[in-house]
There are 2 protein chains.
Amino acid sequence: MTDADTQRMGAAADANVVRRRGTALEDAIFAAAESELTERGFTKTTVKGIAERAGTGKAVLYRRWPNLSELVLDLLRRRSLDLEVPDTGSVRDDLREFLMQACGLLADLPPDAIPGLVASTVQNPELARQISERIGSHRFEDVFRAIFERGAERGEVRPGPYSDRILTLPMKLLRHDLVMGKGVPSHSDIDEVVDVIVMPLMRTAG
Amino acid sequence: MTDADTQRMGAAADANVVRRRGTALEDAIFAAAESELTERGFTKTTVKGIAERAGTGKAVLYRRWPNLSELVLDLLRRRSLDLEVPDTGSVRDDLREFLMQACGLLADLPPDAIPGLVASTVQNPELARQISERIGSHRFEDVFRAIFERGAERGEVRPGPYSDRILTLPMKLLRHDLVMGKGVPSHSDIDEVVDVIVMPLMRTAG
DNA sequence: TTTCCTAAGGAACCTTGCGTCTCTTATCGG
DNA sequence: CCGATAAGAGACGCAAGGTTCCTTAGGAAA
């Protein structure tokens, strides 16, 4: 009986051994991934680190995800994108409310997470699309359109139709700071974007 | 005499051996780096690949740069930032001209280069600052201010002063796409940013 | 309860690239 | 010519990505 055999038998006899399956295991993996990302950043996070933290083996992770980036992408997928469309009676307040919600979705990601994900998946158009979607892309346009159209009916802003450039403007400005490593936009950042750029632009006759 | 000894002596006797020093060597390294980046993308480019392509050893690269990211950053540094301030007589054309120049500096980088660089350096504030600068940052504000002030004198746009939010707007929008892995903005991207966002905003009474 | 199937968990393995070190010697300047 | 230095080549250690193999816990069905 070799040392390895002894070790295996030892493990098998260990009363604390508890194997998880399915959802419970995946929850543990996701929780471990979030912690590793927060503590180490995306660039320094490893599959091994997540596996160990989740109390499992690398092979278990690779049975589910082909690589780290797709695991992290799945982590983003779990966050609800069902944001509420604010209806405060004022375009300005609707925008501020919604942008705060949207930015809050990514508040706990380390600054290198988005650029790191983008860099590692840019060659794969489908993954690139999913990332773009997860961090707020085309879905958000519908919300902004609804806010502007409602405001146009109240005479607050110019009437539509609104081009993609307009509908993507607010998120692009805030996301720019996020992906450039400046961290999550603050409330005053959001206020400035709305008050200095978006509202003046939307009031013009165009 | 071992095989390794024979090999070394063989190399020493090789009439084609030409060692480069200083600038000539660095030029060869930068040229190799550009080619590797173009062919493989940032994520797949290796120090080894660049060294081999430059006909030198890894240690030579590490004598100059602590890692690949700083080599690539130095590559960006070599590109002149002395962009001309256009004076076409029209704000719109000045903007388009300048933005085309600015974007042209990065035209040959693969789409994962900027996000990759950002991700790998975000934890280092000084490097992050330099990258931000290389892909168009605070220096450009002066150019935009000059263009707008000239236009205001002609009555084309509203008068100053112009906040940072205004002065950073065009580059942020283009840079957003760049960092999101969309590649270098096209001329029509630039036209849209100018015509749909910047000019209407700058014409408003504010 | 027993049986069977399957995936969990652990460990070993291979490859690749980062980064380092050593040694020979080409190159340049004095 | 001589001396100093960095180029070039190769070896090395380590870590992480990804893979494979084996034991066995866990769940479902009989």
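The preceding data block contains the structure.
Residues numbered from 1 in each chain as written. Chains lettered and ligands numbered in written order. Predicted model: local features only at pLDDT ≥ 70, side-chain atom pairs only at ≥ 80, totals over all residues. Heavy atoms only, no water.

Asks: Could you clarify how one ought to interpret the interface of chain A and chain B in this entry?
Replies: Many structure descriptions define interface size as the accessible area lost when the parts assemble. With 35 residues of chain A in contact, the opposing surface of chain B contributes 35 residues. Carbon and sulfur atoms make up 68% of the surface buried where chain A meets chain B, a total of about 3000 Å² over both sides. Considering only the surface of chain A that becomes buried against chain B, Arg165(A), His176(A) and Met180(A) emerge as the three largest contributors, covering 23% of it. The interface formed by chain A and chain B contains 6 salt bridges. Between Glu192(A) and Arg165(B) there is a salt bridge, and its shortest N-O distance comes to 2.8 Å. Across the contact surface, chain A and chain B share 10 residue pairs in polar contact (both at pLDDT 80 or more). Elements represented by at least two residues in the side of chain A that touches chain B include exactly α7 (113-121), α10 (164-182) and α11 (187-203) of chain A. No other element matches α10(A), which puts 12 residues into the side of chain A that touches chain B. The residue inventory of the side of chain A that touches chain B, partitioned by class, reads 17 nonpolar, 9 polar and 9 charged. (Contact = heavy atoms within 4.5 Å. Buried area = accessible area lost by both parts, 1.4 Å probe. Salt bridge = Lys/Arg side-chain N within 4 Å of Asp/Glu carboxyl O. Polar contact = N/O pair within 3.5 Å; in protein donor to acceptor, adjacent residues only side chain to side chain. Helix = DSSP H or I, 4+ residues; strand = E, 2+ residues; numbered from the N terminus. Nonpolar A, V, L, I, M, F, W, Y, C, P; charged D, E, K, R; others polar.)

Asks: Sorry if this is basic, but what is going on with the pattern of salt bridges here?
Replies: A side chain of one charge can pair with a side chain of the opposite charge if their charged atoms are brought near each other. Using the criterion set out here, one finds 40 salt bridges over all chains in the structure. Among the ionic pairs, Glu52(A) bridges to Lys48(A), the shortest N-O distance being 3.8 Å. Of this pair, Glu52(A) and Lys48(A) both sit in helix α3 (residues 47-54), 4 residues apart, which is roughly one turn of that helix. Residue classification places Glu52(A) among the exposed residues on the basis of a relative accessible area of 53%. The partner of Arg129(B) in a salt bridge is Glu133(B), and the shortest N-O contact between them spans 3.0 Å. Within this pair, Arg129(B) and its partner Glu133(B) are both found in helix α8 (residues 125-134), separated by 4 residues, close to a single helical turn. Via salt bridges that share partners, Arg92(A), Asp93(A), Arg96(A), Asp191(A) and Asp195(A) belong to a single interconnected network. (Buried < 20%, exposed > 50% of the residue type's maximum accessible area, 1.4 Å probe, protein only.)

Asks: Help me out: how do you make sense of the protein's contact with DNA strand D in this one?
Replies: As a matter of local geometry, DNA strand D sits amid 25 residues, with Arg19(A), Lys58(A), Arg19(B), Thr56(B) and Arg64(B) nearest to it. A share of 62% of the atoms of DNA strand D within 4 Å of the protein falls on sugar and phosphate groups. The side chain of Arg20(B) places a nitrogen or oxygen atom 3.2 Å from a phosphate oxygen of DNA strand D. For DNA strand D, a phosphate oxygen lies 2.5 Å from a polar atom in the side chain of Arg64(B). Counting residues per element, the surface near DNA strand D draws most heavily on helix α4 (residues 58-64) of chain B, which supplies 4 residues. A class-by-class count of the residues in the surface near DNA strand D yields 11 nonpolar, 4 polar and 10 charged. (Near = heavy atom within 4 Å.)

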